[in-house]
Amino acid sequence: MDAVVIGAGPNGLTAAATLARHGWDVLVLEAKERPGGAVYSEALTLPGYLHDVGAAFFPFADDSPAFRFLDLSGAGLQFTNGRWESCHPAPDGSSAAISRDLEATVRSFGIDGPAWRRLAEWRRCMGQRLVEALLAPLPALGPAWRLGLRHLLRLGFNGLLSSGAWARRFFQTEAARRVVPGLSLHADLGPDDFAGASIGLVLALLAAGNGFRVPLGGARAVTQALLRRLEEAGGKLRLGTRVSRILVRQRRVVAISTEQGEEIAVRRAVLADVGPPALFLRMLDERATTWWLRTQIRRFRYAWGTFKMDWALSGLTPWLSAEARESAVVHAGDSLADLAAFTRQVRSGQLPDNPYLVIGQQSLVDPGRAPPGGHTLWAYTHVPSRIDRGWQRHREAFADCIERRLEGLAPGFRHLIRGRFIATPEDLEAMDENLVGGDIGGGSAQFHQQLIFRPAFPYFRYRTPLKGLYLASASTHPGPGVHGACGFNAAQQALHDARERL
């Protein structure tokens, strides 16, 4: 084998397909019995209802350099959008929503409409160059130059603010002010956290561009398109095969061994779509790495856990907000104070009593997800990874709490429930061991674990101290989000290094 890729998540498959397209003989080894990791879809509740097991919305779908290189649309992948991309309602009846239609969003934001217009016009000016700069390997000098110094400085200045400070600076109404902080909380970034505005602002700008795109046929369609590209280029996938060790000789990777006792020789590279602790502290012998690196990896921190639910419904969710009824994604966060209180509770190890929610209405734009007349609903919140007396004791009661939260925003919701599925942090990690403690982001998004510190300095360009070994997971820059950039960038680095050795 020229290369072995460990893990068949989206980054692993992207890396493998990229190498195979360049003529490498590539084998992907996946420990589970299906590919895709958290990018897949299953009938979790009732027959006829298709639910995304993890990732569900894809704001990078059109602009990702990795996906454009692999031409996933040519492999049959199709996306669609809701009329609204992201709606942010509250029980008091107020709401603000983002659409790809600028004028519709301006009307939704009311007196904050002119402020939103300035943001959307900024997004339009940056165009595709924004995503190229965000997803490029560091230091992204070429993409940053093309983006322009003015845009780069503006992104940097705004991104270093807390999301709450940014929102108070930019908007006047509470409805508008909770939008970017609500988007920042996709990661472990509360409204008072330093540099917390970065992720929320980027997501808001992406929503205003191509939007939070929904793949027709479920998230598994993304995985199927990547597999098609891998197989077309001659790459192979083997399921149910766990890599236990990476073998090293003279500071170079030479083979991997599996739990079944098989040893597979590697001529050029091993790319690992796994977490840094799994790679550096378990798969490698201690003598293969440096004390400095092992110390940094032991300090690597995963983010909060995730509590996810799916529902099979007999009809559309009856939101009080008219915009929410037509929105692909709905965010439940009542105010900046509410989001701050939620953050404090989770950080202190408590279950939140008024959970912040990211809610997906995939069947609204992809009717094939549910039987005629029926609908799906998908939602998650952040929770402590571990809870006193264990998740089995708390799962049903906390699920009921989430449903009460939804009922407050959509009276009558509970009467529509035909079935529900609960996934605790433990369940999510059992499904995909990269979701350590239920962290869906591959590691904390706090500032000290971003850019050149992700996963550890100076190993932020996918290389490791060992020749031929690359880290290709969301624990590297640019981090979470299904864009394939971590795997694509690692593959490009492996290709570059192989050419240098010729």
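Predicted, not measured: the structure shown is a model, and the values here were computed from it.

Here we take up the nonpolar core. If you look at the biggest cluster of nonpolar residues, it comprises 48 residues, and the most contacted ones within it are Trp-116, Leu-119, Trp-166 and Phe-171. It is helix 11 (residues 197-208) that provides the largest number of residues to this core, a total of seven residues. Look past the residues within four positions of Leu-119 in its chain and what remains in contact with it is Trp-166, Phe-170, Phe-171, Leu-201 and Leu-205. Core analysis: the second largest hydrophobic core is formed by 41 residues, Val-5, Val-39, Leu-70 and Ala-494 among them.

Here we take up the pairing of strand 15 (residues 327-332). For strand 15, a buried count of six out of six residues is recorded, marking the element as mostly surrounded by other parts of the structure. Sheet analysis places strand 6 (residues 84-89) next to strand 15, joined by three bridges and oriented parallel. Pairing of Ser-86 across the sheet is with Val-329, part of strand 15. Two strands pair when backbone bridges link them, and strand 15 and strand 16 (residues 357-360) are joined in this way by four bridges, in the antiparallel orientation. Within strand 16, the position partnered with Ala-332 by the bridge is Leu-357.

Okay, the environment of Leu-147 next. The residue Leu-147 is located in helix 6 (residues 141-147) in this model. For the pair formed by Leu-147 and Gln-128, sequence separation is 19 residues and the distance between their alpha carbons is 9.0 Å. The residues contacting Leu-147, other than those within four sequence positions of it, are Met-126, Arg-129, Leu-130, Ala-133, Leu-152 and Leu-155.

On to the packing of aromatic side chains. Taken as a whole and judged by the stated rule, the model has 17 aromatic pairs. Taken together, a centroid distance of 4.8 Å and an interplanar angle of 15° make the contact between Trp-166 and Phe-170 stacked. In this pair, Trp-166 and Phe-170 are both assigned in helix 8 (residues 163-170), four residues apart and thus about one turn of the helix distant. The burial state of Trp-166 is the same as that of Phe-170; both residues are buried.

Of the two faces of strand 13 (residues 269-272), the one holding Ala-269 and Leu-271 and the one holding Val-270 and Ala-272 are both buried throughout. One ladder, built from four bridges, connects strand 1 (residues 3-6) with strand 13; its direction is parallel. Each residue of the ladder has a partner; that of Val-4, found in strand 13, is Val-270. Examined bridge by bridge, strand 13 and strand 19 (residues 469-471) share three bridges and lie parallel to one another. Residue pairing for strand 19: Leu-271 is matched across the bridge by Tyr-470.

Moving on to the pattern of salt bridges. Per the counting criterion, the structure on display carries 31 salt bridges. In this structure, Arg-369 and Asp-52 form a salt bridge, with 3.3 Å as the shortest nitrogen-oxygen distance. One end of the pair, Arg-369, is in the loop between helix 16 (362-365) and strand 17 (375-383); the other, Asp-52, is in strand 4 (residues 51-52), with 317 residues separating them in the sequence. In terms of burial, Arg-369 and Asp-52 fall into one category: buried. The partner of Arg-405 in a salt bridge is Asp-338, and the shortest N-O contact between them spans 3.6 Å. Taken together, the positions of Arg-405 in helix 17 (residues 391-409) and Asp-338 in helix 15 (residues 336-347) put the pair 67 residues apart, joining distant regions of the chain. Residue class for Asp-338 comes out buried when judged on its relative accessible area of 15%.

All buried positions along helix 8 are accounted for by Ser-163, Gly-164, Trp-166, Ala-167 and Phe-170. An end-on view of helix 8 places all buried positions within 160° of arc, on one side of the element. Considering only its buried residues, helix 8 is in contact with helix 4 (113-126), helix 7 (149-159), helix 9 (174-177), helix 10 (179-184), helix 11 and helix 15.

At the junction of Arg-454 and Pro-455, the peptide bond is cis and its omega measures out at 0° in the coordinates. On the secondary structure map, Pro-455 appears in the loop between helix 18 (425-431) and strand 19. With an omega of 5°, the peptide bond between Phe-457 and Pro-458 qualifies as cis. With phi around 50°, Asp-71 is a residue other than glycine that occupies positive phi space.

Thresholds, definitions, all that
- All residue numbers here refer to positions counted from 1 along the written sequence of the relevant chain.
- Local features in this predicted model are restricted to residues whose pLDDT is 70 or higher, and side-chain atom pairs enter the listing and the counts only when it is 80 or higher, whereas totals over whole chains, interfaces and linings include all residues.
- Side-chain metrics rest on all non-hydrogen atoms present in the structure, leaving aside hydrogens and water.
- For the purposes of this section, nonpolar cores are sets of buried Ala, Val, Leu, Ile, Met, Phe, Trp, Tyr and Cys residues that join through side-chain atoms within 4.5 Å.
- Exposure is judged per residue with a 1.4 Å probe applied to protein chains only, and the accessible area is read against the type maximum: over 50% gives exposed, under 20% gives buried, and values in between give partly exposed.
- Put simply, DSSP H or I for four residues or longer makes a helix, DSSP E for two residues or longer makes a strand, and each gets a number counted from the N terminus.
- In what follows, a contact means two residues having at least one pair of non-hydrogen atoms within 4.5 Å.
- Two strands form a pair only when DSSP identifies at least two bridges running between them.
- Each Phe, Tyr or Trp ring, with Trp reduced to its six-membered ring, pairs with another whose centre is within 6.5 Å; inter-plane angles below 30 degrees give stacked pairs, above 60 give edge-to-face pairs, and intermediate values give tilted ones.
- For salt bridges, the criterion is a side-chain nitrogen of Lys or Arg within 4 Å of an Asp or Glu carboxyl oxygen.
- Starting at the helix axis, one direction is taken to each C-beta atom, and the arc is that of these directions.

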